[in-house]
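# Summary of the model geometry
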Amino acid sequence: AWSYAYTNRQFVLAQAIIFAGFVFAAGSYLRFARAVPAARATQIDNWLIGPTLGLLFGWLTAASIVGLAGTLIAQGFAATGQSAEIRDAALLLLGGAVAFLVIRASRRGPYGAWVSYSAAILWALLAVIVEQRSTSNITTAVAVVAAVLVLLAALGPWGTSAQPPGRSVPAA
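Residues numbered from 1 in each chain as written. Predicted model: local features only at pLDDT ≥ 70, side-chain atom pairs only at ≥ 80, totals over all residues. Heavy atoms only, no water.

### Some details on the overall build of the protein chain
What counts is decided by this rule: A run of H or I in DSSP becomes a helix once it reaches four residues, and a run of E becomes a strand once it reaches two; helices and strands are each numbered from the N terminus. For every residue, the accessible area (1.4 Å probe, protein chains only) is compared with the maximum for its type, and the residue is labelled buried under 20%, exposed over 50%, or partly exposed between those bounds. Using a 1.4 Å probe, the Shrake-Rupley method yields the accessible areas, and only the shown protein chains count as cover for residues. Positive residues here are Lys and Arg, negative ones are Asp and Glu, while His and the chain termini are left out of the count. Lys charges are placed at NZ, Arg charges at CZ, Asp charges at CG and Glu charges at CD.
Along its length, the protein chain carries 6 helices and 0 strands. When the helices and strands of the protein chain are placed in sequence order, the string is α-α-α-α-α-α. With the principal axes as the frame, the protein chain shows a C-alpha extent of 55 × 35 × 20 Å. Here the protein chain, with 172 residues, has 41% of them falling under the buried criterion. Accessible surface, the protein chain as shown: approximately 9800 Å² in total, 69% of it carbon and sulfur. Measuring between centres, the 10 positive side-chain charges of the protein chain sit 14 Å from its 4 negative side-chain charges.

Here you go:
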């Protein structure tokens, strides 16, 4: 459905389809992270289900933000110039904030889910940094800030995440 809408230049419909996927993936991912605490996660939870949901939801998070920028351009909003840079920077901050909150909310679940979600978001932000580094200092800088937010959420001290197999937490 999305490819049909997009190739027929029905960008608002294409964005609605991506956003619907984002909403449903968010529900599945967050329900999984809540229902399967890290301490009870099986190998299948950590190595199959979690990464599948995390990568899908991470990709749809990024696609929702990028698609929204494209939809706004198609609807006549600034395609170039400082207005476009500010819009893109705001969307990147929104995406970074969403990712930060999602990772924080899912850190108590199987590590396979939140690690793969984080990786998908970081991959998308790296693509923005590489793509924009020679054309927009503002967008590049904000993408770096968003990546730092994602790394802080994934590596920060909050939440209680289980250590991957083979790693132990030192006793106090």
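Now that the structure is up, let's keep going.
### What to know about the packing of helix α3 (residues 43–74) against helix α4 (residues 81–106)
Our working definition: What counts as an axis is a line fitted to C-alpha atoms, over the stretch in contact for a helix, and the angles between N-to-C directions run from 0 to 180 degrees. Any angle that is under 35 degrees is reported as roughly parallel, and any over 145 degrees as roughly antiparallel; angles of 65 to 115 degrees are reported as roughly perpendicular and all others as oblique. Left-handed is the label given to a crossing in which the near helix is rotated counterclockwise from the far helix by less than a right angle, and right-handed is the label when the rotation is clockwise. When checking whether two residues touch, look at their non-hydrogen atoms; a contact exists if any pair is within 4.5 Å. Amino acid classes used here: Ala, Val, Leu, Ile, Met, Phe, Trp, Tyr, Cys and Pro are nonpolar; Asp, Glu, Lys and Arg are charged; the rest, including Gly, are polar.
The interhelical angle for the contact between α3 and α4, taken along N-to-C directions, is 160°, at an axis separation of 10 Å. Viewed along their axes, α3 and α4 adopt a mutual orientation that is roughly antiparallel. In this structure, α3 crosses over α4, and the sense of that crossing is right-handed. In contact with Phe-57, Thr-61, Ile-65, Leu-68, Ala-69, Leu-72 and Ile-73 of α3, α4 contributes Arg-87, Asp-88, Leu-91, Leu-92, Leu-94, Gly-95, Val-98 and Val-102. Class assignment for the residues of the contact of α3 with α4 results in 11 nonpolar, 2 polar and 2 charged.

### Section: the packing of helix α2 (residues 11–35) against α3
Running from N to C, α2 and α3 cross one another at 150°; their axes reach a closest spacing of 8 Å. Comparing their axes, α3 and α2 come out roughly antiparallel. In the crossing of α2 with α3, the sense of the turn from one axis to the other is left-handed. In terms of residue class, the contact of α2 with α3 is made up of 18 nonpolar, 9 polar and 1 charged.

### Topic: the packing of aromatic side chains
Rules: Stacked, edge-to-face and tilted labels apply to pairs of Phe, Tyr and Trp rings (six-membered ring for Trp) whose centres lie within 6.5 Å, assigned for plane angles under 30 degrees, over 60, and everything in between, in that order.
The tally for this structure, following the rule as stated, stands at 7 aromatic pairs. Ring plane angle 40° and centroid distance 5.1 Å describe the contact between Tyr-29 and Phe-57, whose orientation is recorded as tilted. Of this pair, Tyr-29 sits in helix α2 while Phe-57 sits in helix α3, and the two are 28 residues apart along the sequence. A relative accessible area of 0% means that Tyr-29 is categorised as buried. Through a chain of ring-to-ring contacts, three or more aromatic side chains come together here, namely Phe-19, Phe-22, Tyr-29, Phe-57 and Tyr-117.

### A closer look at the nonpolar core
Here is the rule we go by: Side-chain atoms within 4.5 Å link the members of a nonpolar core, which is a set of buried Ala, Val, Leu, Ile, Met, Phe, Trp, Tyr and Cys residues.
Core analysis: the largest hydrophobic core is formed by 33 residues, its most contacted members being Tyr-29, Phe-57, Ile-103, Tyr-117 and Leu-125. Among the secondary structure elements, those contributing two or more residues to this core are α2, α3, α4, α5 (111–132) and α6 (137–155). Broken down by element, the residue count for this core peaks at 8 residues, all from α5.

### Looking at the confidence of the model for the protein chain
So the rule is basically this: pLDDT is a residue-level measure of predictor confidence that goes from 0 to 100.
Predicted confidence across the protein chain gives a mean pLDDT of 88, with 91% of residues reaching 70 or more. The secondary structure element of the protein chain with the lowest average pLDDT is helix α1 (residues 2–7), at 81, and the one with the highest is α5, at 95. Low confidence marks residues 165–172, where pLDDT is under 50. Its contacts with residues over four positions away, or in another chain, come to 3 contacts.

### Re α2
So the rule is basically this: Here the expected span of a helix is defined as 1.5 Å times the quantity of residues minus one.
Between its first and last C-alpha atoms α2 spans 36 Å; for 25 residues at 1.5 Å apiece the expected length is 36 Å, and the two agree. Buried within α2 we find Phe-11, Ala-14, Gln-15, Ile-18, Phe-22, Ala-25, Ala-26, Tyr-29, Phe-32 and Ala-33. Taken together, the buried residues of α2 touch α1, α3, α4 and α5.

### A word on the side chain of Ser-118
Among the secondary structure elements, Ser-118 is positioned in helix α5. Not counting chain neighbours up to four residues away, the residues in contact with Ser-118 comprise Ile-103, Val-150 and Ala-154.

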